[in-house]
Amino acid sequence: MHQDQVVALPPDSVVLGSTDHCENAVVQIGTSMLGIQAHPEFPGEYVEALLHAREERIGHDVVEAALASLDAPRDEPTAVEWMLRFLR
């Protein structure tokens, strides 16, 4: 769904996760910074609304595949806890 993404990383970076669409989806920079391209904290209902709102731009087939993936277990409570713990 997103178009902007990090394509060049600083020298002390480690890629922890990637997708076909986003090579640098989760990145650790040094020992104190974590970058997450996606929004794992978004609840499924919000993602569904975003998909429907952007269907014309990203295409019906992409939206249908993404909607089908929302049935899989998600970890947004865990992701939110990680973010809160980091901010504390």
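Please read these numbers as outputs of a predicted model, since none were measured by experiment. (Residues numbered from 1 in each chain as written. Predicted model: local features only at pLDDT ≥ 70, side-chain atom pairs only at ≥ 80, totals over all residues. Heavy atoms only, no water.)

K.L.:
Is there a simple way to think about the overall build of the protein chain in this case?
P.N.:
A tally of helices and strands in the protein chain yields four helices and three strands. Element order for the protein chain, N to C, with α for helix and β for strand: β-β-β-α-α-α-α. For the C-alpha atoms alone, the extent of the protein chain along its principal axes is close to 40 × 30 × 20 Å. Each of the 88 residues in the protein chain was classed as buried or not, and the buried ones make up 18%. For the protein chain, restricting intrachain contacts to residue pairs at least 6 apart in sequence, the fraction spanning at least 24 positions comes to 30%. Carbon and sulfur atoms form 57% of the exposed surface of the protein chain, whose accessible area is close to 6600 Å². A distance of 9 Å separates the average location of the 5 positive side-chain charges in the protein chain from that of its 15 negative side-chain charges. (Helix = DSSP H or I, 4+ residues; strand = E, 2+ residues; numbered from the N terminus. Buried < 20%, exposed > 50% of the residue type's maximum accessible area, 1.4 Å probe, protein only. Contact = heavy atoms within 4.5 Å. Areas by Shrake-Rupley, 256 points an atom, 1.4 Å probe, with all protein chains shown as cover. Lys, Arg positive; Asp, Glu negative; His and termini not counted. Charge placed at Lys NZ, Arg CZ, Asp CG, Glu CD.)

K.L.:
Just to check I follow, could you spell out the sheet that holds strand S3 (residues 33-36) for this structure?
P.N.:
Within a sheet, neighbouring strands are paired by backbone hydrogen bonds and run either parallel or antiparallel to one another. Pairing is antiparallel in the open sheet, where three strands are placed in the order S1-S2-S3. For this open sheet the edge positions go to strand S1 (13-17) and S3, each flanked by a neighbour on one side alone. For this sheet the average axis-to-axis angle between neighbouring strands, irrespective of direction, equals 20°. Alignment of S1 against strand S2 (residues 26-29), held across four bridges, turns out to be antiparallel. Opposite Ser13, over in S2, you have Ile29 as the bridge partner. (Pairing = 2+ DSSP bridges. Axes fitted to C-alpha atoms, helices over the stretch in contact; angles between N-to-C directions.)

K.L.:
Where do I start with the environment of Gly35 in this structure?
P.N.:
Structurally, Gly35 is set in strand S3. You can call Gly35 partly exposed: its relative accessible area is 29%. In sequence terms Gly35 and Val15 are 20 residues apart; their C-alpha atoms lie 9.5 Å from each other. Sequence-distant contacts of Gly35, that is, excluding residues within four places in its chain, are made with Ala25, Val26 and Val27.

K.L.:
Looking at this model, I keep getting lost on the pairing of S2. Mind explaining?
P.N.:
The two faces of a sheet get side chains in turn, since along a regular strand they alternate between them. Judged from the four bridges that link them, S2 and S3 form a sheet pairing that is antiparallel. Note that in S3 the partner of Val27 across the bridge is Gly35. Remark: three residues form the turn of the hairpin made by S2 and S3, two consecutive strands paired antiparallel; Gly30 in that turn has positive phi of roughly 65°.

K.L.:
For this particular structure, what's the right way to read the nonpolar core?
P.N.:
The nonpolar side chains of a soluble globular protein tend to be buried with one another. The biggest cluster of nonpolar side chains holds five residues, and these are Val47, Leu51, Val63, Leu67 and Leu70. Where this core is concerned, the elements lending two or more residues are helix H1 (44-53) and helix H3 (60-69). (Core = buried A, V, L, I, M, F, W, Y, C linked by side-chain atoms within 4.5 Å.)

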